[in-house]
Amino acid sequence: MKRQLIMLTAAVSIASSAMAAELKPAVVFDMGGKFDKSFNQGVYEGVEQFRNETGIKYREFEVTNPSQREQAIRKMAQRKSNPVLAIGFAQATALEKVAKDFPETKFSIIDAVVDLPNVQSIVFKEHEGSFLVGLLAAMKSESKAVSFIGGMDIPLIRRFNCGFAQGAKYAVKDIKVISNMTGSTPSAWNDPVKGGELARSQFDRGSDVVFAAAGGTGIGVYQAAKDAGKFAIGVDSNQNHIHPGTMLTSMIKRVNVAAYNTFKGVQDDTWKAGFNVLGLAEGGVAWAYDEHNKALITAEMKAAVDQAKADIIAGKIVVHDYMSDSKCPSL
Amino acid sequence: MSEFLTIMLSTFDATIRVSTPLILCAMAGLFSERSGIVDIGLEGKMLAGAFAAAAVASVTGSAWLGLLGAIGVAISMSLLHGFACITHKGNQVVSGLAINILASGLTVTLGIAWFHQGGQTPLLSGDARFLSIDLPGALAVENVPVLGAIYSQLISGHNALVYLAFITVPVTWWVVYQTRFGLRLRAVGENPQAVDTAGISVFWLRYRAVICAGLLCGIAGAYLSTAQNASFIREMSAGKGYIALAALIFGKWRPKTALLACLLFGFLEALTVRLEGVPLPLIGEVPAQLMQALPYILTVILLAGFIGKATAPKAIGIPYSKER
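Residues numbered from 1 in each chain as written. Chains lettered and ligands numbered in written order. Predicted model: local features only at pLDDT ≥ 70, side-chain atom pairs only at ≥ 80, totals over all residues.

Peer 1: Please explain the overall build of chain A as it appears in this structure.
Peer 2: When you go through chain A residue by residue, the secondary structure sums to eleven helices and twelve strands. Principal-axis analysis of the C-alpha atoms gives chain A an extent of 80 × 40 × 35 Å. When the 331 residues of chain A are sorted by exposure, 55% land in the buried category. Of the contacts made within chain A by residues no fewer than 6 positions apart, 69% connect residues no fewer than 24 positions apart. (Helix = DSSP H or I, 4+ residues; strand = E, 2+ residues; numbered from the N terminus. Buried ≥ 20, exposed ≤ 12 C-beta atoms within 10 Å, placed from the backbone. Contact = placed C-beta atoms within 7 Å.)

Now the structure itself:
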């Protein structure tokens, strides 16, 4: 009896230590950092939720320099972290190299496509969510002009821009859409001073609702909108709380859910390599409606946006994807 | 025509906002460099000041206390610079760079420790920021053609620190060229032996010069985090200290010409932001990349062709020791 008990405890302890050893998740944040109040922060919230629920700790790294990406992902894989979650389109090339060298490790990447047997690529239909906020912006605008500020000038951000313009023009046919990109280097994700200046220049040109898809740069845009008494639209995370009263809404990308599901999926053994495209129908993108912007959204606007959402899901409205042909008919 | 006027006015308006930290830093550098101390640490002092201002303002809720905090921190970093290269005759460039590195690391570290937001400080609002001030009569003259628009849009409606920066320039000129302290300051940068022979302490004079520099850098930092923006963000000075130093050299170490150089750099930056994606008459839409390169291209052309030789103060960079 005693011997059996010892064996049992030993077996249990081996099993539990094996369980703990099995799941060592890791996440590599991108430029902008995990407190950008936007894209990276969404991921951070997702993995924190996983840690709070399961008690499993994760390794993390914040990339502050483009050359660190491959090094960081490789380091995680070498230290037997599994799964490794890479954040952002810019990590695709680095991840591709590392994933080939570590075929046993499970990799997930958000916002990019890497076609390898051990990589799960999670992408969002940002153009669909941008369409909805574009529609709201156009209905809110009194000056018949809305504007867009992108971070780094890349096809992904142009996809936001294009969806936004199409949505605005769907609501108000002859509306003016002004577009600017912050820059052509990764520092464009974290330049709030320039973001603020761009927003002011757009207000001077007549815009009264600005949509920023620019990571940390957006903080400057929202501040400029508040200072000038104009409206701003947040991105990725729900940013309505930053300046209640002037934040019209936010284009939510549920990166937190994607990040959480990656870790959870590996834990439950439901994780699969391949593509995972999340649009309006899958709840991957949405527009934010909460106590902070309730007063700004009229019943008419809400009805219109809900109708448009249903039409997009049903296929009655086709939102153009800039990345399919690198063209934007609405701009 | 009226649209053209609006665009020009808004560009000049942005020029003023963007140039303000450059002007303050250039005047700071002027005090330090005219006394013979190379001040490559402008960037670091401004960054430390920006952090101090945002941190104090977010805790106390007062922008003015934030400004005091920024000035205090920037002056203490100036004194550190002075201690290393006035008292201990260290290399001034090395000491300045050390200050930049220290500020860049320390602000983020303290920010993470105190506010737990990845090195940022909480967003400021209301009294914790310097908000824009409408000058008297701005609304009344708004409808007067041209002049009214210039007064109400361009001159009025900035925050207190912007006006302070523009007042700093004539004050600097007055101090450096019209007072006894200024005469001695310039002399100590040209020929410290002569000043010493006259029975005036070279060390004390140079210390006072770096304190002036710290004071102005602190104001520049407070402008970045509590007036132009509403929180401290890591590396938010983004090379402005170096640009101010370039403007100072561009302006031959004189207040008026340095001011013009700062305004030129600010104007080019404002222009870049505004002309991006706007079709110009005759030329059409200019590619964004060309617009972004424009400030650098113009700087090279102006430096090569239009500005004569820039002569530095003679004793700059040389630590003073009595024995020689």
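There is more to say after this.
Peer 1: I would appreciate a short explanation of helix H4 (residues 92–115) of chain B in the present structure.
Peer 2: For an α-helix the count is 3.6 residues per turn, leaving residues at separations of three or four pointing the same way. Residue and element names in this part refer to chain B. The first and last C-alpha atoms of H4 sit 34 Å apart over 24 residues, in line with the 34 Å expected at 1.5 Å per residue. For H4, the full list of buried residues reads Gln92, Ser95, Gly96, Ile99, Asn100, Ala103, Thr107 and Gly111. Where H4 is buried, its residues meet helix H2 (42–60) and helix H3 (63–87). Just downstream of H4 lies histidine 116, where phi reads positive at about 50°. (Expected span 1.5 Å × (residues − 1).)

Peer 1: I'm lost on the sheet that holds strand E6 (residues 145–152) of chain A in this one. Help?
Peer 2: As a general point, the strands of a sheet are linked pairwise by backbone hydrogen bonds and lie either parallel or antiparallel. Residues and elements named next belong to chain A. Pairing is mixed in the open sheet, where six strands are placed in the order E7-E6-E8-E9-E10-E12. If you trace the sheet from one side to the other, it starts and ends with strand E7 (176–183) and strand E12 (285–287), each paired once. Strand-to-strand twist across the sheet, computed as the mean angle between neighbouring axes with direction ignored, equals 15°. Bridge count between E6 and strand E8 (residues 209–213): five bridges; the pairing is parallel. By the bridge assignment, isoleucine 149 is partnered in E8 with alanine 212. Helix H7 (residues 192–204) rests against E6, E7 and E8 of the sheet, and its axis sits at about 160° to E7. (Pairing = 2+ DSSP bridges. Axes fitted to C-alpha atoms, helices over the stretch in contact; angles between N-to-C directions.)

Peer 1: Just to check I follow, could you spell out helix H11 (residues 255–275) of chain B for this structure?
Peer 2: With 21 residues, H11(B) extends 30 Å from end C-alpha to end C-alpha; this agrees with the ideal 30 Å at 1.5 Å per step. Inspection of H11(B) places Pro255(B), Ala258(B), Leu259(B), Ala261(B), Cys262(B), Leu264(B), Phe265(B), Gly266(B), Glu269(B), Ala270(B), Val273(B) and Arg274(B) among the buried residues, and these make up the whole buried set.

Peer 1: It is not clear to me how the nonpolar core should be interpreted in this structure. Could you clarify?
Peer 2: The nonpolar side chains of a soluble globular protein tend to be buried with one another. One finds Leu135(A), Ala26(B), Ala50(B) and Ala247(B) to be the most contacted residues of the largest nonpolar core, which totals 181 residues. At 15 residues, helix H9 (residues 202–228) of chain B tops the list of elements feeding residues into this core. If you count residues domain by domain, this core takes at least three from each of domain 1 (2–125 + 256–278) and domain 2 (127–253 + 285–325) of chain A. Leave out the neighbours within four places in its chain, and Leu135(A) touches Gly167(A), Ala168(A), Tyr170(A), Ala171(A), Ala304(A), Val305(A) and Ala308(A). (Core = buried A, V, L, I, M, F, W, Y, C linked by C-beta atoms within 7 Å. Domains from an automatic or database assignment.)

Peer 1: Looking at this model, I keep getting lost on the domain arrangement of chain A. Mind explaining?
Peer 2: Accessible area lost upon the coming together of the parts is a frequently used measure of interface size. Residues and elements named next belong to chain A. Here the domain parsing of chain A yields domain 1 (2–125 + 256–278) and domain 2 (127–253 + 285–325). Each of domain 1 and domain 2 has a C-alpha centre, and the two are 31 Å apart. Listed as interface residues are 15 residues of domain 1 and, on the opposing side, 18 residues of domain 2. Element by element, the count of residues in the side of domain 1 that touches domain 2 is highest for helix H2 (residues 39–54), at three residues. Here the side of domain 1 that touches domain 2 is built from residues that sort into seven nonpolar, four polar and four charged. (Nonpolar A, V, L, I, M, F, W, Y, C, P; charged D, E, K, R; others polar.)

Peer 1: I tried to follow the pairing of E8(A) on my own but got confused; where do I start?
Peer 2: For a regular strand, the rule is simple: side chains alternate between the two faces of the sheet. Residue and element names in this part refer to chain A. For E8, the tally of buried residues reaches five of five residues, placing the bulk of the element in the interior. Covered by surrounding structure in E8 are Val209, Phe211 and Ala213 together with Val210 and Ala212, the residues of both alternating faces. Across three bridges, the pairing between E8 and strand E9 (residues 231–236) is parallel. Within the sheet, the bridge partner assigned to valine 210 lies in E9 and is alanine 232. In this view, the connection linking E8 to its parallel neighbour E9 by way of helix H8 (residues 218–228) has right-handed handedness. (Right-handed = clockwise from strand over helix to strand, strands pointing away.)

Peer 1: Whenever I open this one, the pairing of strand E4 (residues 107–110) of chain A confuses me. Can you help?
Peer 2: Residue and element names in this part refer to chain A. Here E4 shows no split at all, with Phe107 and Ile109 on one side and Ser108 and Ile110 on the other all buried. Of the pairings in the sheet, the one linking strand E3 (residues 84–87) to E4 comprises four bridges and is parallel in character. Paired with isoleucine 87 across the two strands is isoleucine 110, which belongs to E4. Judged from the four bridges that link them, E4 and strand E5 (residues 119–124) form a sheet pairing that is parallel. The residue of E5 that forms the bridge with serine 108 is glutamine 120.

Peer 1: Whenever I open this one, the interface of chain A and chain B confuses me. Can you help?
Peer 2: Listed as interface residues are 19 residues of chain A and, on the opposing side, 17 residues of chain B. Among the secondary structure elements, those contributing two or more residues to the side of chain A that touches chain B are E7, H7 and H8 of chain A. The greatest single-element share of the side of chain A that touches chain B, amounting to nine residues, is contributed by H7(A). The residue makeup of the side of chain A that touches chain B, split by class, is six nonpolar, eight polar and five charged.

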